[in-house]
Amino acid sequence: MATKPSALDGVTEACSKCARETLHKVRVELRKESSKPKNAEYSREPYRVATCMECQTETTLRMNNA
């Protein structure tokens with residue numbers, strides 16, 4: 001996943017819906033992966049979430065799999 005820093009607020013990367021390089025807002029979120037309430041607090045994993053600023057398509061990548 002190649003990204004280029006942008007002078008604006010975000011990074012430029014490929015968008016599958018727009019079929020071109022567009023500006024994206026990128027953030028990291030902790031998401032729970034367990035559906036069991038007892039283990040939910042221990043099952044959080046970091047995800048990279050990129051949102052296209054043109055079409056609002058959101059893509060996620062589990063960071064432990066990167």
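Refer to the preceding data block for the structure.
What this report covers is the structure whose coordinates are included nearby. Keep in mind the model is a prediction, meaning the values are calculated, not measured.

Observations concerning the pattern of salt bridges
One pass over the full model with this rule turns up 8 salt bridges. Salt-bridge contacts for Glu 58 lead to Arg 27; the nearest nitrogen and oxygen are separated by 3.4 Å. Linking Glu 58 in strand 5 (residues 58-62) with Arg 27 in strand 3 (residues 20-32), this pair joins segments that are 31 residues apart in sequence. Given a relative accessible area of 42%, Glu 58 falls into the partly exposed group. Judged by relative accessible area, Arg 27 falls into the partly exposed class, the value being 35%. One salt-bridge network, in which partners are shared between bridges, spans Arg 27, Glu 29, Arg 31 and Glu 58.

So, unusual backbone geometry
Despite not being glycine, Ala 19 has its phi angle at roughly 60 degrees, a positive value. Structurally, Ala 19 can be placed in the loop between strand 2 (11-15) and strand 3. Its relative accessible area of 66% is what places Ala 19 among the exposed residues. For Gln 56, which is not glycine, the phi torsion reads 65 degrees and is therefore positive. By the element assignment, Gln 56 lies in the loop between strand 4 (44-52) and strand 5. Exposure remark for Gln 56: the relative accessible area of 52% places this residue in the exposed category.

What counts as what
- Residues numbered from 1 in each chain as written.
- Predicted model: local features only at pLDDT ≥ 70, side-chain atom pairs only at ≥ 80, totals over all residues.
- Heavy atoms only, no water.
- Salt bridge = Lys/Arg side-chain N within 4 Å of Asp/Glu carboxyl O.
- Helix = DSSP H or I, 4+ residues; strand = E, 2+ residues; numbered from the N terminus.
- Buried < 20%, exposed > 50% of the residue type's maximum accessible area, 1.4 Å probe, protein only.

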